[in-house]
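Overview (structure and organization)
In case you want the letters, here they are:
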Amino acid sequence: MLNINFLKELAGDSLAVEYHPKITSTNDRALEMARAGMADGQLIVAEHQINGRGRRGNSWQSAAGGSLLCSLLLRSASPLPVHHLAIISGVGCANALNEIGFPVKIKWPNDLMLADRKVAGILVETHGDAVVIGIGVNYALNEDFFSEDVRNRAISLNSHADLLPEREMVITKIALGLQQTMRKVESGGIIKILLEWNKMNWLARRKVRVCGPFGEVDGDGLFLDGRSLHFHVFKDHGVVTMPLSSTVEAK
Ligand code: BTN
């Protein structure tokens, strides 16, 4: 069980923590708070989710005690496109995990990869000026927890470290990191964050298929271009430029 007092202590004044032993989805709860007009900095944490949601309509599987589940409600002064929010949340979360000893990389747009397997997923949703960032981290899950179709693509933090940092610490580190990353973008723009994304880009030199509105490109990696806010896909010793709204698949 999470120690809620310890969690609140670590979160300090920057975050208001709401804890649920069991909930439908922490993102659903954060969106409800957004609609009710609650302020920036609400952090909803759950031990167990009945209907955890992933990107693209997928469900998010978790186990009480083995998964970290939380959603952060932020309010942004200037509305940002959803692709930017995805990049910002990936970078904020990845930096937080790197700082506590997990060398994660980011698979477009914001899957967090540890030892080339997915260790955490992020679901960003918006309501007006509210941004809800839901994070699910595989913390202490055995390999047989994962269904066969994802088993060789998923990993949990405990496979990487004998001694895990406390769950409360990981959650607050991520939430505070996300809040700071969002503030950095609000005051200084997104360019620096795009550069950070590129440094942690898991697809930099991997075979990819990028499908955009005007066709698809099979390439040998990609990176984000900070000026044009497009992808550059490596192809036959050159690059092909594709919009960020493209879908990207690792091959
Ligand atoms: C993905 O990779 O598909 C995104 C997964 C996001 C899962 C988290 S768990 C906490 C929060 N609540 C949800 O219902 N989803 C997110």
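Residues numbered from 1 in each chain as written. Predicted model: local features only at pLDDT ≥ 70, side-chain atom pairs only at ≥ 80, totals over all residues. Heavy atoms only, no water.

**Comments concerning the overall build of the chain**
Note the threshold: Labels follow the DSSP assignment, with helices taken as runs of H or I lasting at least four residues and strands as runs of E lasting at least two, numbered in each case from the N terminus. Only C-alpha atoms enter the radius of gyration, while the globule expectation follows 2.2 Å times N to the 0.38, with N the number of residues. Working definition: with a 1.4 Å probe on protein chains only, accessible area under 20% of the residue-type maximum means buried, over 50% means exposed, and in between means partly exposed. Whether two residues are in contact is decided by their heavy atoms: any pair within 4.5 Å suffices. The Shrake-Rupley method, run with a 1.4 Å probe, gives the accessible areas here. Residue values count only the displayed protein chains as cover. Charge assignment in this entry is limited to Lys and Arg as positive and Asp and Glu as negative, and neither His nor the chain termini are counted. Throughout, a charge is located at the NZ atom of Lys, the CZ atom of Arg, the CG atom of Asp or the CD atom of Glu.
Secondary structure summary: the chain contains six helices and 13 strands in total. Against the 2.2 N^0.38 benchmark of 18 Å for 251 residues, the chain shows a C-alpha radius of gyration of 18 Å, consistent with a compact globule. The dimensions of the chain, computed from C-alpha atoms along their principal axes, are 55 × 45 × 30 Å. Split into buried and exposed, the 251 residues of the chain put 49% on the buried side. Put simply, 65% of the contacts in the chain that link residues at least 6 apart link residues at least 24 apart. For the chain, the accessible surface area stands at approximately 11,900 Å², while carbon and sulfur atoms represent 49% of it. If you average the places of the 27 positive and of the 27 negative side-chain charges in the chain, the two averages end up 4 Å apart.

**Considering the packing of aromatic side chains**
To describe a pair of aromatic rings, you give the distance between the ring centres and the angle between the ring planes. Just so we agree on the cut-off: Under the pairing criterion, centres of Phe, Tyr and Trp rings, with the six-membered ring standing for Trp, must be within 6.5 Å; the plane angle then separates stacked pairs below 30 degrees from edge-to-face pairs above 60, leaving the rest tilted.
Applying the stated criterion across every chain yields a total of four aromatic pairs. Pairing Trp-108 with Trp-197 gives two aromatic rings, centres 5.6 Å apart and planes at 75°, and the pair type is edge-to-face. A residue pair is termed long-range when its members are at least 10 positions apart, and Trp-108 in the loop between strand 4 (105–107) and strand 5 (111–114) and Trp-197 in helix 6 (residues 191–199) qualify at 89 residues. When sorted by exposure, Trp-108 lands in the same class as Trp-197, which is buried. For the ring pair Phe-223 and Phe-234, a centre distance of 5.4 Å and an interplane angle of 40° mean the geometry is tilted. Highlighted residues: Phe-223 in strand 10 (residues 222–225) and Phe-234 in strand 11 (residues 230–235), separated in sequence by eleven residues.

**Observations concerning the sheet that holds strand 10**
Let me state the cut-off plainly: Should DSSP find at least two bridges between two strands, the strands are taken to pair. Structural elements are reduced to axes, namely lines fitted to C-alpha atoms, with helices fitted over the stretch in contact, and the angle between N-to-C directions of any two is expressed from 0 to 180 degrees.
Reading across from one edge, 10-11-12 is the order of the three strands in this open sheet, with antiparallel pairing throughout. Looking at strand neighbours, the two that pair on one side only are strand 10 and strand 12 (238–243), the edges of this open sheet. The average undirected angle you get between the axes of adjacent strands in this sheet is 30°. Pairing geometry for strand 10 and strand 11, over four bridges, is antiparallel.

**So, the site of the ligand**
Put simply, the rule is: Near is defined per residue: the residue qualifies when any heavy atom it owns lies within 4 Å of the molecule or strand. The definition of a polar contact used here is a pair of N or O atoms within 3.5 Å, where within protein one atom must be able to donate a hydrogen and the other to accept one, and adjacent residues in sequence count solely through side-chain atom pairs.
In the vicinity of the ligand there are 20 residues, among which Ser-25, Gln-49, Arg-53, Arg-55 and Lys-118 approach most closely. The separation between a nitrogen atom of the ligand and a polar side-chain atom of Gln-49 is 2.8 Å. In this structure, an oxygen atom belonging to the ligand sits 2.7 Å away from a main-chain N or O atom of Arg-55. In the complex, 98% of the free accessible area of the ligand, which totals 420 Å², lies under the protein chains. Contributions of two or more residues to the shell around the ligand are made by helix 2 (26–35), strand 3 (67–75), strand 6 (117–127) and strand 7 (130–138). For the shell around the ligand, the element with the most residues is strand 6, which contributes four residues.

**As for the side chain of Gln-49**
The residue Gln-49 is located in strand 2 (residues 42–49) in this model. Engagement of the side chain of Gln-49 in a polar contact is seen with the backbone nitrogen of Thr-26, the distance being 2.9 Å. Setting aside anything within four residues of it in sequence, one finds Gln-49 in contact with Ile-23, Thr-24, Ser-25, Thr-26, Trp-60, Ser-62 and Leu-69.

**Observations regarding the sheet that holds strand 8 (residues 208–212)**
Read from one edge of the open sheet, three strands run 9-8-13, paired in antiparallel fashion. Each of the sheet's edge strands pairs with one partner strand only, and the pair in question is strand 9 (215–219) and strand 13 (247–250). When the angles between neighbouring strand axes are averaged without regard to direction, this sheet yields 15°. The sheet contact formed by strand 8 and strand 9 spans five bridges and is antiparallel. Within the sheet, the bridge partner assigned to Gly-212 lies in strand 9 and is Gly-215.

**Describing the pattern of salt bridges**
Selection criterion: What counts as a salt bridge is simple: a side-chain nitrogen of Lys or Arg found within 4 Å of a carboxyl oxygen of Asp or Glu.
Enumeration over the complete set of coordinates arrives at 16 salt bridges. A salt bridge links Asp-111 to Lys-118; the shortest N-O distance between them is 3.0 Å. Judged by its relative accessible area of 23%, Lys-118 is partly exposed. Put simply, Glu-196 and Lys-184 hold a salt bridge, and the shortest N to O gap is 3.9 Å. Of the two residues, Glu-196 is situated in helix 6 and Lys-184 in helix 5 (residues 167–188); the sequence distance between them amounts to twelve residues. Among the residues examined, Lys-184 registers a relative accessible area of 47% and is labelled partly exposed. Three or more residues joined by partner-sharing salt bridges are found here, namely Arg-209, Glu-216, Asp-218 and Lys-251.

**Overview of the packing of helix 3 (residues 82–99) against helix 5**
To keep things clear, this is the line we draw: Angular relationships are summarised with four words: roughly parallel below 35 degrees, roughly antiparallel beyond 145, roughly perpendicular across 65 to 115, and oblique for the angles in between. Throughout, a crossing is termed right-handed when the near helix is turned clockwise from the far one, and left-handed when it is turned anticlockwise from it by less than a right angle.
As a packed pair, helix 3 and helix 5 sit with axes 8 Å apart at the nearest point and diverge in direction by 135°. Between helix 3 and helix 5, the angle falls in the class oblique. Crossing handedness for the pair helix 3 and helix 5: right-handed. Every residue of helix 5 that contacts helix 3 at Leu-85, Ile-88, Ser-89, Gly-92, Cys-93, Ala-96, Leu-97 and Glu-99 is listed here: Val-170, Lys-173, Ile-174, Gly-177, Leu-178, Thr-181, Met-182 and Val-185.

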